[in-house]
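As a plain string of letters, each chain reads:
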Amino acid sequence: MAAIKDTEKLETTVRKAVAEAAVTDIHTHLFPPSHEGLLLWGVDELLTYHYLVAELFTMAPRDLTPEKFWKLSKREQADLVWEHVFVNHGALSEAARGVMTTLTKLGFDVSARDLEPIRKWFDEQDVEDYLNKVFDTAGIDYAVMTNDPFKSEEVTHWQADRPAGDKLRTALRIDPLLVDWSAAVETMSAQGYDVALRPDAGTYAQARKFLSDWADRLEPLYMAASLPPGFAYPSDQPAADAMLNAVLPVARERNLPVAMMIGVRKQVNPALGDAGDSVGIADVTAVQNLCAENPDVKFLVTMLSRVNQHELCVCARKFGNLHIFGCWWYCNNPSIIDEMTRMRLELLGANFTANHSDARVLDQLIYKWDHTKRIVADVLADKYRLQFDAGWRPTEDEINRDVRGLFGGMFEQFLAK
Ligand code: RAT
Ligand code: ZN
């Protein structure tokens, strides 16, 4: 294929490549429709996304307490978010804009400000068909779920061998093992593993068996945990012990990457439920030490604090066993995605995963990827222009390859390593 010889053609090629690239969404909280009751979708779920619930309580009248809110039906909760966040205030946040983008892309006129016809339409949808429609609209080939063997409501479905379909792949979520050992012991014991509160060699062997058995059942693409800002490795924290004795050996043996999402301060306001978590600056040294000490283990890492992003990029330049991904949660905002994507390209070239959706509601895939793609297109248009000014002439195939790389191609190459 011929090299591109002018900047106008270069820009249209880059923008087309981004618009048409298939996306692999490497971290979501979606479930297969067959896991009944777990997959969230529809306008009321969109409006009660925990990002919007948090916003609601920054602007709601004093007498609307979280306690009262949680007692209401989903529809009543959605009405309150609509009233306070959308109608009575500017609806200018990224999460509010997301609801609008999603509904507009589904064909609704949000300027009519009327939820009823939208609700009626959703009530008529078949979930399987709707899932396909959302994936097609968002341009996603497949999304990776978060599959948690420590949650009984999820375990039941896997034990019943319910199919996940071809659009959803698995990831083995292991938080309690690292951050709440007594809860982990309770669940593993209930599932028949002989584990003790004070872990010894036998207990860790059983924890490894638990992970291996679940890996056999789920065939996950990676294991994953979210970790607090204070996570340190090596250290005398229980998380470091469990990492060393349970997680790393299984990761090594099965060539299964360990995904670490670092920097969440859990439940600073518990009344808000899922909306009650915050962010803290973490220490990238933990990632550096894990990568350096375990060259035969692969790590996927995203961090929550904006402050950590530069150091994490530098760390990724030092270790081929580290792949960085996503603009996680409080970083998944246009200004920060723009900044992070530019910085990552400048430090790493096209070897990272530009974003993940973290979608908890199926329909969110539509806006999360629409918004991300707009920014990535702008950033890449700039970067290819600078490359052109420096004398390089890429082909369309090369641009398509590298754009796909940022949306899942490099993740797949990392998995295959
Ligand atoms: O982004 C979110 O929705 C968070 O609440 C978490 O789900 C986080 O992404 C996680 O996976 O722990
Ligand atoms: Zn998540």
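Up top you'll find the structure we're talking about.
Residues numbered from 1 in each chain as written. Chains lettered and ligands numbered in written order. Predicted model: local features only at pLDDT ≥ 70, side-chain atom pairs only at ≥ 80, totals over all residues. Heavy atoms only, no water.

1. Things to note about the site of ligand 1
Lining the immediate environment of ligand 1, one finds H27, H29, H50, Y51, R173, S226, M261, W328, W329, D358 and R360. Within the side chain of H27, a nitrogen or oxygen atom sits 3.1 Å from an oxygen atom of ligand 1. The separation between an oxygen atom of ligand 1 and a polar side-chain atom of H50 is 2.9 Å. For ligand 1, whose free accessible area comes to 300 Å², the fraction covered by protein is 96%. For the shell around ligand 1, a count of residues per class yields four nonpolar, four polar and three charged. (Near = heavy atom within 4 Å. Polar contact = N/O pair within 3.5 Å; in protein donor to acceptor, adjacent residues only side chain to side chain. Areas by Shrake-Rupley, 256 points an atom, 1.4 Å probe, with all protein chains shown as cover. Nonpolar A, V, L, I, M, F, W, Y, C, P; charged D, E, K, R; others polar.)

2. Describing the coordination of the zinc ion (ligand 2)
Coordination of the zinc ion (ligand 2) by the protein is provided by H27 (NE2), H29 (NE2) and D358 (OD), with metal-donor distances spanning 2.0 to 2.1 Å. The sequence pattern describing where the donors of the zinc ion (ligand 2) fall on their chain is H-x1-H-x328-D. Of this pair, H29 sits in the loop between β1 (23-25) and α2 (43-47) while D358 sits in the loop between α16 (334-348) and α17 (364-389); the two residues are 329 residues apart in sequence, bridging distant segments of the chain. Residue H29 shares its accessibility class with D358, and that shared class is buried. (Donors = N, O, S within 2.8 Å, 3.2 Å for Na, K, Ca; no water. Helix = DSSP H or I, 4+ residues; strand = E, 2+ residues; numbered from the N terminus. Buried < 20%, exposed > 50% of the residue type's maximum accessible area, 1.4 Å probe, protein only.)

3. Section: the sheet that holds strand β10 (residues 322-324)
Strand order in the open sheet made by the five strands is β4-β5-β6-β9-β10, with parallel pairing throughout. Both outer strands of the open sheet, β4 (172-173) and β10, are each paired with one neighbouring strand and no more. When β4 meets strand β5 (residues 223-227), the two strands line up parallel, connected through two bridges. Bridging from a neighbouring strand, R173 pairs with A224 of β5. With respect to the sheet, helix α13 (residues 238-254) is in contact with β5, β6 (258-262) and β9 (299-303), its orientation differing from that of β6 by roughly 130 degrees. Across the face of the sheet, helix α15 (residues 309-318) comes into contact with β9 and β10 while running at roughly 145 degrees to β10. (Pairing = 2+ DSSP bridges. Contact = heavy atoms within 4.5 Å. Axes fitted to C-alpha atoms, helices over the stretch in contact; angles between N-to-C directions.)

4. Considering helix α12 (residues 201-218)
Its 18 residues give α12 an end-to-end C-alpha distance of 26 Å, which sits within 8% of 26 Å, the value for a rise of 1.5 Å per residue. T203, Y204, A207, F210, L211, S212, W214, A215 and L218 are the residues of α12 that are buried. Structurally, α12 contributes buried residues whose contacts are with α9 (152-159), β4, α10 (175-179), α11 (181-190), β5 and α13. Just downstream of α12 lies E219, where phi reads positive at about 50 degrees. (Expected span 1.5 Å × (residues − 1).)

5. Some details on the packing of aromatic side chains
In this structure the tally under the stated criterion is 17 aromatic pairs. Consider the rings of F108 and W121, whose centres lie 5.4 Å apart with planes at 80 degrees: the pair is edge-to-face. Of this pair, F108 sits in the loop between α6 (94-105) and α7 (115-123) while W121 sits in helix α7, placing them 13 residues apart in sequence. Residue F108 is classed as buried on the basis of its relative accessible area, which comes to 16%. Ring pairs connect the aromatic residues W41, F108, W121, F122 and Y130, which therefore count as one cluster. The residue whose ring lies beneath K298 is F414, and the NZ or CZ to ring-centre distance is 5.7 Å. (Phe/Tyr/Trp six-rings, centres within 6.5 Å; stacked < 30°, edge-to-face > 60°. Lys NZ or Arg CZ within 6 Å of the ring centre and 35° of its normal.)

6. Considerations on the pattern of salt bridges
One pass over the structure, following the stated rule, counts 28 salt bridges. Salt-bridge contacts for D44 lead to R75; the nearest nitrogen and oxygen are separated by 3.3 Å. Taken together, the positions of D44 in helix α2 and R75 in helix α5 (residues 74-87) put the pair 31 residues apart, joining distant regions of the chain. For D44, a relative accessible area of 12% corresponds to the buried category. You can call R75 partly exposed: its relative accessible area is 35%. Salt-bridge contacts for E346 lead to K383; the nearest nitrogen and oxygen are separated by 2.4 Å. Linking E346 in helix α16 with K383 in helix α17, this pair joins segments that are 37 residues apart in sequence. In the salt-bridge network here, residues are joined through shared partners; they are D44, R75, D79, E116, R119 and D123. (Salt bridge = Lys/Arg side-chain N within 4 Å of Asp/Glu carboxyl O.)

7. A short note on the side chain of R344
Assignment of secondary structure puts R344 in helix α16. For the buried R344, which has no salt bridge, the nearest side chain bearing the opposite charge is E339, at an N-O separation of 9.8 Å. Every residue in contact with R344, bar those within four places of it in the chain, is listed here: Q309, C313, I324, F325, G326, C327, G349, F352, T353 and A354. (Lys, Arg positive; Asp, Glu negative; His and termini not counted.)

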